[in-house]
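Listed below are the residues making up each chain.
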Amino acid sequence: MSTQEFDRTYSPLIFELGQDGRANRYVEEGKPLDAFLPKDVLRGDLPLPDNSELDVIRHFTKLSQRTFGIDMGFYPLGSCTMKYNPRVNDAMAGKREFAQLHPYTPDELAQGALQVMYELERSLASLFGMAAFSLNPAAGAHAELAALLIAKKYFKDRGETQRDKVIVPDTAHGTNPASAAMCGFKVISLPSDERGRVSVEEIQKVLGPDTAVCMMTNPNTLGLFEDHIAEIAAAVHDVGGLMYYDGANANAIMGNTRPGDMGFDLMHLNTHKTFTIPHGGGGAGHGPVGVAAHLIDYLPTPVVRAVPALRKAQGDGAPGAPSDGYTFSLDFDRPKSIGPMRSFWSNFAHAVRALAYIYANGAEGLRRVSQLAVLNANYVRVKVAEFLETPYPEICRHEFVASAQELKKETGVKALDLAKALLDHGMMAPTMYFPLIVPECLMIEPTETESKETLDYFISVLRDIVEEAKTNPEKLTAAPVTTVVGRVDETRAARQPDLRWEPLV
Amino acid sequence: MTQPENLLYSKEHEWVKVDGDTAMIGITDYAQNSLGDIVYVELPRVGKQIEQFGNIGVVESVKAVSDLFTPVSGEVVAVNDALESDPAAVNRDPYGAGWLIKVKVKDAAERNNLLSASEYEKIAHE
Amino acid sequence: MLGAIGAGSLDDLLAVPEAIALKASLDVVPALPEYQIGRRFEHFAKKNPGVDYDSFLGAGSYRHYAPPAIAALAMRGEFLTAYTPYQAEVSQGYLQAIYEWQTYICLLTGMDIANASVYDGATALAEGAIMALNANGRKKLLVSRAIHPNYRAVLKTYCDGLDVQIDEIPPSGDGTTDLEVLTREVASNEYAAVVLQSPNFFGNVDALSQAARDAVAASETVPIAVVAEAISLGALATPASWGAQIVVGEAQSFGVAMAYGGPYAGFIASTKEHMRRIPGRLVGKSVDGQGRTAYVLTLQAREQHIRRERATSNICTNQAHCALIATIYLALMGKTGLRDVAALNLERSRELCSAVARIDGVDVKFSAPFFNEFVVDVHQSARDLLAKLQERKILGGVDLGRWYPELSSCILMTATELTTTGEINRLATALGEIVRVHARV
C-alpha cells in the first residue's frame, strides 16, 4: 500500500487516476452497441478512464492553479496585447440564444446573430478605413492566408499571374512568410534601415512587375511608426502591387490613423489582441480580414448581407441602432470569392465578445485605449532605458524593444535569463528573441489596462534583476526557482518526443 | 576544434571528404556550435540527384532550423541513418560519427568552388 | 508620466504624418454603460427564435449534453486568460491538459500522435492534406463526394493557393463512397492522398474495404480519415482499423457550444511516420533540472515562428480553450459515459428513422448502416417541405439539394441523446400531414 504524497507541483495524468466503477451518470445507460450496428463496424475496447466528477474537478482545478493568466499578474508580452478580458463579454457570449444556435438555423430565425456580425463588421470597417470585413477566418494567421489568397485570385483574374513575389520586412512575424509560402508566393525579405524602419529606397530595389503583395505592420514589431508608409504604399501601387496590413499592432492606432488611409488594400485583425477576446491558453483566436473596395468580391463566403427594411422596427426600450430595421442574410452566392476558410460562418462567440467590447467603449473610448497604450509603453520605455539598452531610443507606440546584448557581454546573462527571473516575481516575461534583427531582444507591451503602480512595480523588479546580473549572475541563470518546475529540458523533449500517454499493455 | 586540414569546406559551413569518386559530407564544428543541441536532421533519399550549393535538407535544433546545402553535385549513395535516433552525434563528433551523406561525385572540378581549411577558418570567424 | 517621458502632451506621442491622420468621424456602435450592454444583447438574443424550435439539425455541428462541470472548470480565469504556454515553468497546468487532449485523440482514433488542436474540422482536413502532399510530393488529391460539402470547399480554397488538383469519387447507391471507383483511380499512382469521412455527410459508416486498402497501399497513396461527429468515435471501429494514416476531424461534439458556427476544435492525428509533418503546436513530456516531470511545447522547429516560409503551416494559435473543454468533457464522460451517449444517439436516431419511414411518401434513402444521421427522400422539394415544417416551429433537417442537385428531394435528419420522443412524434405528425396534403394536390 502506498501513501499519496502531497505535491503541489505534480498531478498524475487523468489516465493514471481513472478506475472502473467511477463513472458519472450524466445520461441513462445505453443498450449494447451491437443492438444497433453490425459488429464488424464497431470498435473493440474504448480505453478511456472513468473518473468521478469530484476527481475531475480537483484534477483540473489543480492544473489551473499551475497556469499563469492575465488575471494573476502583469503580462507584458510584446505583439500579443495582453489586456484585461472584461467578464461582461463572456456573459454576453454565453447567452443561450447565442451558444445554442445551430449554424444551419434559417436566416429569418437567426436575425439577432446576423445583426451582431453586421454591427461588428461595420464598426471595424469604419475604425480601420476598409470598405468591408469578413469575419470568416478563425485566427490572425488564418486571415493572413485569406488575404493572400484574395490577392492571388485578384491577380489571376486580371491575367497577372507573373506576380509571384511577396515582400516582407525582416522584422515581420513568422506567419507572414509562412502564409505567403502556403499560396505559392516567393518571399523577399526587406532589410530595415538604421532607424528600424522600411525605407522607400530599399523597397524600390525589389519592386517590379512580379510584385504581388507587400506585407507590413504599422507600427512595426519594434513598436516604431513607419512614417513613410504613404510613400511606400504609393511605390507598391505604382508597380501594380497590393499592400497588406498585419493588424497585430492595431492597439496603437485606433482613432488616430487608419490602415485604409495609409494606403493598405488588405488587412487582418486579431480580435484576441485588440478587442479583448480571451487568449484561452493559446486560442481560439478570431481573425477578421478587411479589404478595400476593389477586392470586396473576393472575400471568403459567406458574407452578411443587410437590406434596409421598409418599415421601422418597434421600440423595446433597448438603445436603438439604424440597423435594427434591417433584414440580414448569409450570402453564399459570390462567384469571385476565394471560397470559405472554415466549416461554418465565423467564430461567432468571439464576434459577440468583440462587439460587446466596442459597445463598452465607442469610438472615443477606443481612441482613448490606443492613447493610453502608447502612453504606458513610452513610460516603461524611458524607465527601462535607464538600466537596459533600448536600441531605438525614440518615441515608440504601444510596445518597444530592449536588448540584453550588452548585459550578455558583460555578465553572460541573456534575455532568456532575465525573462525567467521575472517569473519568480509573479509576472509574465516579455516576448523574447523577436524581432530577429535585435540580438537578445525583449519586446515589452504593457497595454492600456495596467495601472501606473503595476508598471512601476515591473520597472523596479526588472531594474533589480539587471543589478543582480552584474553581482550574482548564477542566481539568474538558475531562475526560475519559485515556480512548480524549473527550466525544462527542451533538447530531451525534442530528441525523445513523448507526446502522449500510452496504456500499459 | 580547428578545422581538419584534409577536408574542403563551403561558405555554408559544410565540409567534404573526398575518397576516390565518393564524397562524404557533414556540417562543421562552428555550425553545430551555433545551432545548439541538434534534435533532428532531414536528409535526402538515397538515389536523389543533387546540384552543388543546392538545398538538400535541414538541421533542426530546439530553437532554430538551418538549411543544408550540398558542397558537391552528384547522386546520394548513402545516408547516415544512425542520426535518426542519435542526432546528438552531429554535436559530439561533427567530422566523424556525425557525417550526413555520401555522394557519388559528378564533376571533380567542382572542388575549385570550395574552400581550404585556412580559407574557411577566416570566414567562420567573421 | 508625460513628464517622465519628456513629452509635452499625448499628441506628441501619437503624431503621425498629416496625410494619414484620422479626420473623418468614425461610424462605430455607440458607447454604453455596462448594464445597457446587457439590454442591447438581450435585444439581439430575442431575435434568434430558432434556438427554441424542435431541431433535427446536424451536418457538422451537433447538439449534445455538456455537463455544467465543464464551464465551472474551463471558465476559471487562469485557463481563460493565459497565453500560449511558451514559458513552460508557469504553464504546466495548461501544458498537461493539452498533453491529455493529445492522448485522448490518439486513444479515440487509434493513431500514434495528435497535435494540440487546429481551428476546426474543415481546416484540419486542409492541413492533413498538406501533410500528405509533403509526404510523397504528388500534386493531386482523391476525395469522396460524401464528405461534408463545407469541408470540401475549404480544402478547395487551400488547394487553389497551392495549385493542387482535387478529383472526387461519387457516392454509391447505398450512401457510402464508391470503392470500386476509388480502387480504380488510386492505381494511377498520381494521388498524394485519398480521403473518406466516416460517418460521412449522409450519416453512413464509410470505410475502406480490404481490397480498397490493398490498392491504396500498393499505390503509396496516404489514406486520410475525416470525423465530423466525434461522438461516433465512442462506438465505431477506429479509422486506424481500416488503414488511415492521418485522421482529421472536429471535436465540437465534446462539450463545445454550437455557437452559430464557432469557435470549434479541430484535431489532427497521425501515425509515427508523419510526426515531423504535423502542423501546429505539440506538447511533449520532459523533465526539469531536478528531474521533475515537466511539460513543454516541443518540435517547435516545424512551426512558423522558426521556419518562417519553410514551415509546415502558417498556423499560429491553436484552439486551446476549446480543446480544454473537450478534454474535460472526455474526463467527465469516461469510457462508460461516452459509450452510453453513443448508444443513445444510435437509439434515438433509429426511433426517428422508424417514425418517419412509416409515413407514406417518405423513404429512407440509403441502406448503409448509419450513426446518428440519415437521409430521407420526401419526393417533393425538400426546401419547400422544410419551410412548411418551419411554420410549425420545427427545424426538420438540412436540405441536401443545397449541395447535391441529384438529392433535391432529400433531407438529412439528425437525432442525439437530447432528442426526445415528444419531438420525434411532433415531427412525424407534422411531416405526415404535409406529405398527405402534397399528395392530394
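Residues numbered from 1 in each chain as written. Chains lettered and ligands numbered in written order. Predicted model: local features only at pLDDT ≥ 70, side-chain atom pairs only at ≥ 80, totals over all residues.

Draft legend 1. Representation of the overall build of chain A. Across its full length, chain A holds 17 helices and twelve strands. At 26 Å, chain A has a C-alpha radius of gyration in line with the 23 Å of a compact globule built from 505 residues. Taken along the three principal axes of its C-alpha coordinates, chain A extends 80 × 70 × 50 Å. Look at the contacts in chain A between residues 6 or more apart in sequence, and 74% of them connect residues 24 or more apart. (Helix = DSSP H or I, 4+ residues; strand = E, 2+ residues; numbered from the N terminus. Rg over C-alpha atoms; globule rule 2.2 N^0.38 Å. Contact = placed C-beta atoms within 7 Å.)

Draft legend 2. Representation of the domain arrangement of chain C in the model. All names here are of chain C. For chain C, the domain assignment lists domain 1 (52–62 + 334–440) and domain 2 (68–329). Every contact between the two is made by 22 residues of domain 1 and, on the other side, 23 residues of domain 2. It is helix 12 (residues 320–357) that provides the largest number of residues to the side of domain 1 that touches domain 2, a total of six residues. Broken down by class, the residue content of the side of domain 1 that touches domain 2 amounts to 14 nonpolar, five polar and three charged. (Domains from an automatic or database assignment. Nonpolar A, V, L, I, M, F, W, Y, C, P; charged D, E, K, R; others polar.)

Draft legend 3. Representation of the interface of chain B and chain A within the structure. Between chain B and chain A, the contact holds five residues from the first and four residues from the second. A per-class count over the side of chain B that touches chain A returns four nonpolar, no polar and one charged.

Draft legend 4. Summary view of the sheet that holds strand 7 (residues 65–69) of chain B. Residue and element names in this part refer to chain B. Pairing is antiparallel across the open sheet formed by three strands, whose spatial order is 4-6-7. Each edge of the open sheet is held by one strand with a lone partner, namely strand 4 (38–42) and strand 7. The mean angle between the axes of side-by-side strands here comes to 20°, regardless of whether they run parallel or antiparallel. When strand 6 (residues 55–61) meets strand 7, the two strands line up antiparallel, connected through five bridges. Bridging across to strand 7, Glu60 finds its partner in Val65. (Pairing = 2+ DSSP bridges. Axes fitted to C-alpha atoms, helices over the stretch in contact; angles between N-to-C directions.)

Draft legend 5. Local environment of the domain arrangement of chain A. What the domain assignment reports for chain A is domain 1 (14–65) and domain 2 (68–84 + 128–298 + 368–483). Taking the mean C-alpha position of each, domain 1 of chain A and domain 2 of chain A sit 44 Å from one another.

Draft legend 6. Structural context of the interface of chain A and chain C. Across the boundary between the two partners, chain A contributes 167 residues, which contact 159 residues of chain C. Looking at which element gives the most residues to the side of chain A that touches chain C, the answer is helix 12 (residues 348–384) of chain A, with 19 residues.

Draft legend 7. Molecular detail of unusual backbone geometry. The linkage connecting Ala479(A) with the following residue, Pro480(A), adopts the cis geometry, with an omega of 0°. Within the fold, Pro480(A) resides in the loop between helix 16 (473–477) and helix 17 (490–495). Each neighbour pair has its own omega, and for Gly262(C) with Pro263(C) the value is 5°, a cis peptide bond. Here Pro263(C) lies in the loop between strand 7 (246–250) and strand 8 (266–270). Positive phi outside glycine occurs at Glu440(A), with the angle close to 50°. On the secondary structure map, Glu440(A) appears in the loop between strand 11 (431–432) and strand 12 (441–444).

Draft legend 8. The environment of Ala478(A), seen in detail. Tracing the backbone through its elements, the reader meets Ala478(A) in the loop between helix 16 and helix 17. Linking Ala478(A) and Asp20(A), residues 458 residues apart in sequence, is a C-alpha distance of 43 Å.

Draft legend 9. Helix 9 (residues 179–186) of chain C, seen in detail. Among all positions of helix 9 of chain C, only Leu179(C), Leu182(C), Thr183(C), Glu185(C) and Val186(C) are buried. On its buried face, helix 9 of chain C is in contact with strand 3 (140–144), strand 4 (165–169), strand 5 (191–197) and helix 10 (210–218) of chain C. (Buried ≥ 20, exposed ≤ 12 C-beta atoms within 10 Å, placed from the backbone.)

Draft legend 10. Region of the structure containing the sheet that holds strand 9 (residues 101–105) of chain B. All names here are of chain B. The strand order across the open sheet formed by six strands is 1-2-3-9-8-5, and the pairing between neighbours is antiparallel. Strands with a single pairing partner mark the edges of an open sheet, and in this sheet they are strand 1 (8–9) and strand 5 (49–50). Relative to strand 9, strand 3 (residues 22–27) is paired through four bridges, and the arrangement is antiparallel. When the bridges of strand 9 are listed, Met24 appears paired with Lys102.

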